[in-house]
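Chains, contacts and geometry: an overview
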Amino acid sequence: METTSSSSSTSSPSAAELISKSKRKEALGWMEWLRGWLYVIYEMLFQRILASHLQNPLPLPPVNDLTCIVTGSTSGIGREIARQLAESGAHVVMAVRNLKAANELIQKWQEEWSGKGLPLNIEAMELDLLSLDSVVRFAEAWNARLGPLHVLINNAGIFSIGEPQKFSKDGYEEHMQVNHLAPALLSILLFPSLIRGSPSRIINVNSVMHYVGFVDTEDMNVVSGRRKYTSLMGYSGSKLAQIKFSSILQKRLPAESGINVVCVSPGIVSTNVARDLPKIVQAAYHLIPYFIFNPQEGSRSTLFSATDPQMPEYCELLKADDWPVCAFISQDCRPANPSEEAHNIETSYKVWEKTLDLVGLPLDAVERLVEGDEVKCRYGAQEE
Ligand SMILES: NC(=O)c1ccc[n+]([C@@H]2O[C@H](COP(=O)([O-])OP(=O)(O)OC[C@H]3O[C@@H](n4cnc5c(N)ncnc54)[C@H](OP(=O)(O)O)[C@@H]3O)[C@@H](O)[C@H]2O)c1
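Residues numbered from 1 in each chain as written. Predicted model: local features only at pLDDT ≥ 70, side-chain atom pairs only at ≥ 80, totals over all residues.

Comments concerning the overall build of the chain
Within the chain one finds 14 helices and seven strands. Here the chain holds 384 residues, and 48% of them are scored as buried. Long-range contacts, defined as pairs at least 24 residues apart, comprise 79% of the intrachain contacts of the chain with a sequence gap of at least 6. (Helix = DSSP H or I, 4+ residues; strand = E, 2+ residues; numbered from the N terminus. Buried ≥ 20, exposed ≤ 12 C-beta atoms within 10 Å, placed from the backbone. Contact = placed C-beta atoms within 7 Å.)

Overview of the site of the ligand
In the vicinity of the ligand there are 27 residues, among which Gly-72, Gly-76, Ala-156, Gly-157 and Thr-271 approach most closely. At three residues, the largest contribution of residues to the shell around the ligand is made by helix α3 (residues 76–87). (Near = placed C-beta within 6 Å.)

Digging into the sheet that holds strand β4 (residues 151–154)
What the seven strands build is an open sheet, ordered β3-β2-β1-β4-β5-β6-β7; its pairing is parallel. Of all strands in the sheet, those with a lone pairing partner are β3 (122–126) and β7 (327–329), marking the two edges. Ignoring which end each strand starts from, the neighbouring axes of this sheet average 20 degrees apart. Sheet topology note: the strand β1 (residues 67–71)/β4 ladder contains three bridges and is parallel. Following the sheet pairing, Val-70 is matched in β4 by Ile-153. (Pairing = 2+ DSSP bridges. Axes fitted to C-alpha atoms, helices over the stretch in contact; angles between N-to-C directions.)

Examining the pairing of strand β2 (residues 91–96)
The element β2 is extensively covered by neighbouring structure, given that six of its six residues are classed as buried. Alternating positions in β2 separate into two faces, His-91, Val-93 and Ala-95 on one and Val-92, Met-94 and Val-96 on the other, with burial throughout. Across five bridges, β1 lies against β2 in parallel orientation. Paired with Thr-67 across the bridge in β2 is His-91. Running through α3, the crossover from β1 to the neighbouring parallel element β2 is right-handed. The sheet contact formed by β2 and β3 spans five bridges and is parallel. Paired with Ala-95 across the two strands is Met-125, which belongs to β3. (Right-handed = clockwise from strand over helix to strand, strands pointing away.)

Some thoughts on the environment of Ile-248
Position of Ile-248 relative to the elements: it lies in helix α8 (residues 231–252). When the 25 C-beta atoms within 10 Å are taken as the criterion, Ile-248 is described as buried. Sequence separation between Ile-248 and Ser-348 is 100 residues, and the spatial gap between their C-alpha atoms is 6.8 Å. In this structure Ile-248 touches Ser-348, Tyr-349 and Trp-352, once residues within four positions along its chain are discounted.

Some remarks on the environment of Tyr-349
Tracing the chain through its elements places Tyr-349 in helix α13 (residues 345–358). Taking the C-alpha atoms as reference points, Tyr-349 and Ile-248, separated by 101 residues in sequence, lie 6.6 Å from one another.

Remarks on the packing of α8 against α13
Relative orientation of the contacting elements α8 and α13 amounts to 90 degrees, with a least axis distance of 8 Å. As judged from the angle between their axes, α8 and α13 are roughly perpendicular. Along its contact with α8, which presents Ala-241, Lys-244, Phe-245, Ser-247 and Ile-248, the element α13 presents Thr-347, Ser-348, Tyr-349, Val-351, Trp-352 and Thr-355. Here the residues of the contact of α8 with α13 sort into six nonpolar, four polar and one charged. (Parallel < 35°, antiparallel > 145°, perpendicular 65-115°, else oblique. Nonpolar A, V, L, I, M, F, W, Y, C, P; charged D, E, K, R; others polar.)

Remarks on helix α4 (residues 99–113)
Look at α4: 21 Å from first C-alpha to last across 15 residues, which is about the 21 Å you get at 1.5 Å a residue. All buried positions along α4 are accounted for by Ala-102, Leu-105 and Ile-106. The buried residues of α4 occupy one face: seen down the axis, they fall within an arc of 100 degrees. In α4, the exposed residues that point more than 90 degrees away from the buried face are Lys-100, Gln-107, Lys-108 and Glu-111. Residue Gly-115 follows α4 closely and has a positive phi angle near 95 degrees. (Expected span 1.5 Å × (residues − 1). Arc of directions from axis to C-beta.)

Here we look at helix α6 (residues 174–189)
Along its length, α6 shows its largest kink, about 35 degrees, at Leu-181, and proline Pro-183 lies within four residues downstream of that point. The buried fraction of α6 amounts to 16 of the 16 residues, a majority that puts the element mostly inside the structure. (Bend = angle between axes of the 7 residues up to and from the residue.)

Written out as structure tokens, the structure reads:
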């Protein structure tokens, strides 16, 4: 990998310029916060009705020619996504931190599938999002194959409900690292393969909880003491940061790159995401199946976004209209409008710059990679 300069080569306004024009916001306004929670409750109560037009499982268009990487595919929504894509004929790479669990799943799926067609084209590779070194190693190993990547599904995520604040070995708040920083780094480092697979897509499994999220761009790790940390703040802020970063990424990607970025809400889904809840709350969570989707239902919006033939056109349309946010697909597979805060383009540019800095990439990484140049990342040198 070659060293690059860290100056931006585009004419986009610098974050500092944009921020200086307005007073820095330090939290969601109470009306925004209230509207956000009303939206979350509405989704929870009515998601099944809103998605009643969808079949389950969702029928997919032909995917035989697609190579898809699915992060966090040993559990919940990601596991369903990986299985359905593989059974529909795609080449699936399960990017996971627990290789043993992934290989056991692959064996189980192959056995269940035997006699129904050709063996599934599925494999597992190691990726631990709590380590940015691991992200770089994964991307280098994948790019070294010199093959195409058509769909990257950033699904892996954590919501450590009620847990105290924790930091990765890279020094970042864990929700921010696993749900936003590491997927952002992975997406950018995989550009050479995504360009080879063009037209290609980056699908980020986001959440309705971003509606109550806020990102303090001066304090993305929530360590300044200005705000009291809660896991809800960590989770919702990381999901909002992902939408903001994705929005700027989509803007900066030239149409010729053929890469589009989509954020998706899977709905409220019964998975292991509630593993940290008290046992009694977990029991209640699993006892309300009418309201909560099962993982197969929760996989539909992501599978739709990953395979719908019109999705690239929709993304390009938003870009042509100078829409401030990237495509956001709701749990019912319809385009939706992300939160008011997600539309704040000034802080989105700031999140963009901060993110690239935190993950150790130069500000012009995207432009250089699209031009076919190599880019050096601060992480990935040492083996664990
Ligand atoms: N469930 C919901 O109601 C809901 C709602 C909105 C959004 N989402 C989003 O949907 C996505 C999938 O979550 P889920 O509900 O399916 O939860 P889940 O069952 O807990 O699955 C999460 C997956 O992420 C993986 N993962 C966690 N930390 C990782 C790390 N450091 N490195 C690599 N992989 C890691 C887990 O691996 P292990 O199997 O090894 O633990 C697991 O496979 C997440 O982004 C979540 O935020 C979920």
